[in-house]
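# Fold and geometry: a report
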Amino acid sequence: MHNSSSIENPVISLKGVNKWYGDFQALKDINLEIKLKEKIVICGPSGSGKSTLIRCLNRLEAHQEGSIEVCGIELHEKMQDVDIVRQDIGMVFQSFNLFPHLTVLENCMAGPNWVRGIDKNEAKERALSMLKHVKIPEQADKYPEQLSGGQQQRVAIARSLCMQPKVMLFDEPTSALDPEMVSEVLDTMIDLANSGMTMICVTHEMGFARQVADRIIFMDGGEIVEQNTPEEFFNNPQNERTKTFLNQILS
Amino acid sequence: MFVDTVIEDKSLHKPAFLLGLSIAVLAFFFAFNFTNTIFGEFLSPVIGNPPESGFFGRLVVSFVLSIIFVLNLLLISFARLKIQILIVWIELFFLFLAFAYSFDLELAYIFIGEPSKLWLMISKGLFTTIYISAVSIAIATAIAIVGAIAKLSNNGFAYAIASFYTSLFRGLPLLLQIYLIYMGLPQLGFMIDAIPSGIAALSLCYGAYMTEIFRAGIQSIPKGQWEASRALGFKFGLILRKIILPQSIPIIVPPTGNQFIAMLKDSSLVSVLGIWEIMFLAKKLGAKDYNHLEMLLTAAMIYWTLTIILEMIQARIERKYQQKT
């Protein structure tokens, strides 16, 4: 196989990760390996630690025990090159977090131009082509607040993609959207999945999970309770907590 | 304040309120007895010689005054909002002039002399005041940015120095700071002129206040902006320069404008160092002939005009930022 090594080596690996907020343990002994091009969906009840987990993957949150390795670099308190790692890990937030003082185009150009050192014209070209990918090239000169929630989230996805990341993290990307806008964002994510991107998504959209995920991870109380292929996960859940959760959200 | 869509009847148009108001106004004018003022003289055909008119005179004067006052309010209440505001402004301004006029001033005094005193106030005093304030506000802004970042940093030294600085310079009266700098620094061997020490005192004092304004402005930017920037791989300096500070400017501008206006007036305190700014000249020029009030009023008018201009500039800047975001 011509690039078996990159497929076999995990891009992200977590070993024995524990995290506390004061006395409260948010993550308990997390062990996880994610391979290139894999699509992972993380679900679980609120407070189960799924957002905390995904935010540890680009060191927006700190873990206290265990090791997290991303693209071959270990994340820890004293690392020098956290911004290098972050440049390769795109992240999409529940609340979009677009830069309100910059236009849509400038939002997308900022990363490549300011940190990748790509010149303005090229950054602009790349931004426009990404905006085309997410199907809103005509909004390029508007400010974020002039767009609908769904459009803003698609800009946020385009902004991350402009950095040409190796991995994309999605932290409940559709939870803050009006119901009629959820599908436009999910469609964008499905396109992205089909293009071969490595994706880790915290989401409650089970239809999306069924369609896209290679693996579904169920978390509860800070632990990974169960992980399986979508088919097994939905049709044959093993753990009682998984069954209860699925009953609650699928009924 | 956000106006409701339902408009209440104007209280001035309710008879009971009008009656109550008239009685209160009447009581006020009666209590303060305007018989021996210009109003009493106007009414002398009715009440005779004002000082001898007694209870009857006092009642007539206060009755007439309160009628004029309430009628005036009633008439204004029918005008459109903008006209109302204009009329009230003009009336209050005339009251202020009347107050100044009652000092029995020799207003021509400010035009006497070669060059005239007014021209001296403007050419020398106004220039110096603006110069000192502008330099001080520029330095204070630079101090404030550094101070705000230091106060928000995790560095113990930076935080300690910045918080000690703001505590000290917000804790001492500006006048005292001016003296301390002007007379204290030479003790350390630094000879310092009056104008630089005035500027230093104003910059340090207002830098301390503005540090707090900038800190609050930076802190008001949601955490998500930091996270999104970090997730893109931006470093601290870049995030601050390109993402956080540009967004805090619209929040910082209004209180900073207020600080600038306040500083402009507080620059009068450096007159104690003998700097020829507006206040110093007003005291000096008036003292010669004991015409203090004439010159002080002139200074007052110059300061007031300046602040009105600054307020207009501030409003324009605020509008610009509102349009953009």
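Conventions we followed
- Residues numbered from 1 in each chain as written.
- Chains lettered and ligands numbered in written order.
- Predicted model: local features only at pLDDT ≥ 70, side-chain atom pairs only at ≥ 80, totals over all residues.
- Heavy atoms only, no water.
- Helix = DSSP H or I, 4+ residues; strand = E, 2+ residues; numbered from the N terminus.
- Rg over C-alpha atoms; globule rule 2.2 N^0.38 Å.
- Buried < 20%, exposed > 50% of the residue type's maximum accessible area, 1.4 Å probe, protein only.
- Contact = heavy atoms within 4.5 Å.
- Areas by Shrake-Rupley, 256 points an atom, 1.4 Å probe, with all protein chains shown as cover.
- Lys, Arg positive; Asp, Glu negative; His and termini not counted.
- Charge placed at Lys NZ, Arg CZ, Asp CG, Glu CD.
- Buried area = accessible area lost by both parts, 1.4 Å probe.
- Salt bridge = Lys/Arg side-chain N within 4 Å of Asp/Glu carboxyl O.

## Observations concerning the overall build of chain B
Assigned secondary structure in chain B consists of 13 helices and 0 strands. Along chain B, from the amino end to the carboxyl end, the secondary structure elements read α-α-α-α-α-α-α-α-α-α-α-α-α. The globule rule puts the C-alpha radius of gyration for 325 residues at 20 Å, and the 27 Å found for chain B is more than 25% above it. With 325 residues in all, chain B has 36% of them scored as buried. Within chain B, residue pairs in contact and separated by at least 24 positions form 71% of the contacts whose partners lie at least 6 positions apart. Summing over all exposed atoms, chain B offers an accessible surface of approximately 19,600 Å²; the carbon and sulfur share of this is 71%. Across chain B, the 23 positively charged side chains and the 18 negatively charged ones have centroids separated by 16 Å.

## Notes on the interface of chain A and chain B
It is common to report an interface's size as the accessible area lost on association of the parts. The interface is formed by 22 residues belonging to chain A together with 19 residues belonging to chain B. Roughly 1,800 Å² is buried in total at the junction of chain A and chain B, and carbon and sulfur atoms are behind 65% of that figure. When residues of chain A are sorted by the area they lose upon contact with chain B, Phe99, His101 and Trp114 of chain A head the list and together hold 33% of the total. Taken together, the links from chain A to chain B amount to 2 salt bridges. Taking the shortest distance from any N to any O, the salt bridge between Lys235 of chain B and Asp83 of chain A comes out at 3.5 Å.

## Observations concerning the side chain of Ser13 of chain A
Residues and elements named next belong to chain A. Checked against the element boundaries, Ser13 lands in strand 1 (residues 10–21). You can call Ser13 buried: its relative accessible area is 8%. Ignoring sequence-local partners within four residues, the contact set of Ser13 consists of Leu32, Glu33, Ser67, Ile68 and Glu69.

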